[in-house]
Amino acid sequence: MISGKKVIAIVPARLGSKRLKFKNLKIFNGKPLFLWSMISARHSKYIDEIYLSTDSKKINNIALRNGFNINRLRNKSLSKDKTTSSELILDIFAKIKEKFDFFILLQPTSPLRLVKDIDKAIKRIILEGASSLISVNSKNKKINGAIYIQKVKHFIKNKKFKYKDTLIYKMPEKRSVDIDTKSDFEKALKYYL
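Since this is a predicted model, take the numbers as computed values, not measurements.

> What am I meant to see in the overall build of the protein chain here?
Assigned secondary structure in the protein chain consists of six helices and eight strands. Secondary structure of the protein chain in N-to-C order comes out as β-β-β-α-β-α-α-β-α-β-β-α-β-α. Taken against the 2.2 N^0.38 rule, which gives 16 Å for 193 residues, the C-alpha radius of gyration of the protein chain at 16 Å falls within 12% of a compact globule. Reported as C-alpha extents along the three principal axes, the dimensions of the protein chain are approximately 40 × 40 × 30 Å. When burial is assessed residue by residue, the protein chain has 52% of its 193 residues classed as buried. Within the protein chain, counting contacts between residues at least 6 apart in sequence, those at least 24 apart form 72% of the total. Accessible surface, the protein chain: about 10200 Å² in total, of which carbon and sulfur atoms supply 50%. Looking at charge distribution, the protein chain has the averaged site of its 43 positive side-chain charges lying 2 Å from that of its 17 negative ones.

Okay, here's the thing in structure tokens:
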């Protein structure tokens, strides 16, 4: 919690993937890829709860063995290639009873994102009184997929991630790798090492 605001981290980790098979379970520097986002969220100073959204018992069991609470498996209708992050997040907030002020989406495909990135981004959006924030590659200013933060009520009303007044959090190119292919995975591993 920060400034009285409750923050939930959402880690979406379905089993299937189109271009890099079972990428969320691929071992990245000794751990399944999805677990890096979970661990980063756990070490954040400001995240109050972590919600793992998966359709895989194996992924849930790995999380459980690493000390995380697990949630019921997501519906198969929300585990397709065409399922959007917006649909997934709206479904989560329709299910959970506890109320949160902000959510941060931490995709497993950004394992080079650091805890300090998470905390700086959360601190900035709350202290500046903004409703949304996204992270970008500082070199080309493109969205890098590492951090999306938004007021829960704002997202439920508008159902999108980027607006004219969205804050931008810049990350170095080396931490902005978004893993979608085998070459992305190898690049990320090279930057990590």
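> Help me understand the pairing of strand E7 (residues 143-151) in this model?
Looking along a regular strand, one sees the side chains alternate between the two faces of the sheet. For E7, a buried count of seven out of nine residues is recorded, marking the element as mostly surrounded by other parts of the structure. Pairing geometry for strand E5 (residues 102-105) and E7, over four bridges, is antiparallel. Paired with Ile104 across the bridge in E7 is Ile149. In this sheet, E7 lies alongside strand E6 (residues 132-137) in antiparallel orientation, the contact comprising four bridges.

> Would you explain the pairing of strand E8 (residues 167-171) in this entry?
Residues Leu167, Tyr169 and Met171 point to one face of E8 and are all buried, whereas Ile168 and Lys170, pointing to the other face, are not buried. In this structure, E6 lies alongside E8, joined through five bridges in parallel fashion. Looking across to E8, one finds that Asn137 is bridged to Met171.

> Sorry if this is basic, but what is going on with the nonpolar core here?
Note on soluble globular proteins: their nonpolar side chains tend to be buried together. In terms of nonpolar packing, the biggest core is built from 35 residues, with Phe34, Ile47, Ile104, Ile122 and Ile147 touching the most fellow members. At the level of elements, strand E1 (7-12), helix H1 (33-43), strand E4 (49-53), helix H2 (57-65), E5, helix H4 (115-127), E7 and E8 are the ones that each hand at least two residues to this core. What Ile122 contacts, discounting residues up to four positions off in sequence, is Ile2, Val7, Ser44, Tyr46, Ile47, Ile104 and Ile149. Among the nonpolar cores identified, the runner-up in size contains 16 residues, and Tyr51, Leu88, Ile92 and Phe161 belong to it.

> Can you help me understand the side chain of Lys23 in this one?
Tracing the chain through its elements places Lys23 in the loop between E1 and strand E2 (27-28). In this structure Lys23 touches Ser17, Leu33, Thr109, Ile179 and Asp180, once residues within four positions along its chain are discounted.

> Help me out: how do you make sense of the sheet that holds E7 in this one?
The six strands are arranged E4-E1-E5-E7-E6-E8 in an open sheet whose pairing can be described as mixed. Two strands lie at the open edges of the sheet, namely E4 and E8, each paired on one side alone. Geometrically, the sheet is characterised by an average inter-axis angle of 20° between neighbouring strands, direction not taken into account. Where H1 meets the sheet, its contacts fall on E1 and E4, and the angle it forms with E4 comes to roughly 165°.

> I tried to follow the packing of aromatic side chains on my own but got confused; where do I start?
Each aromatic ring pair is described using two quantities: the centre-to-centre distance and the angle formed by the ring planes. By the definition in use, this model includes eight aromatic pairs. The interplanar angle of 90° and the centroid separation of 6.2 Å between the aromatic rings of Phe28 and Trp36 together place this pair among those described as edge-to-face. Here Phe28 matches Trp36 in class, with each residue buried. Ring plane angle 45° and centroid distance 5.1 Å describe the contact between Phe155 and Phe161, whose orientation is recorded as tilted. The same class applies to Phe155 and to Phe161, which are both buried. Clustering of aromatic rings is evident, with ring pairs tying together Phe93, Phe103, Tyr148, Phe155 and Phe161. Here the basic side chain of Lys26 rests over the ring of Phe185, its NZ or CZ set 4.9 Å away from the ring centre. The lysine or arginine in question, Arg42, covers the ring of Phe68, its NZ or CZ lying 4.0 Å from the ring centre.

What counts, and where the lines are drawn
- Residues numbered from 1 in each chain as written.
- Predicted model: local features only at pLDDT ≥ 70, side-chain atom pairs only at ≥ 80, totals over all residues.
- Heavy atoms only, no water.
- Helix = DSSP H or I, 4+ residues; strand = E, 2+ residues; numbered from the N terminus.
- Rg over C-alpha atoms; globule rule 2.2 N^0.38 Å.
- Buried < 20%, exposed > 50% of the residue type's maximum accessible area, 1.4 Å probe, protein only.
- Contact = heavy atoms within 4.5 Å.
- Areas by Shrake-Rupley, 256 points an atom, 1.4 Å probe, with all protein chains shown as cover.
- Lys, Arg positive; Asp, Glu negative; His and termini not counted.
- Charge placed at Lys NZ, Arg CZ, Asp CG, Glu CD.
- Pairing = 2+ DSSP bridges.
- Core = buried A, V, L, I, M, F, W, Y, C linked by side-chain atoms within 4.5 Å.
- Axes fitted to C-alpha atoms, helices over the stretch in contact; angles between N-to-C directions.
- Phe/Tyr/Trp six-rings, centres within 6.5 Å; stacked < 30°, edge-to-face > 60°.
- Lys NZ or Arg CZ within 6 Å of the ring centre and 35° of its normal.

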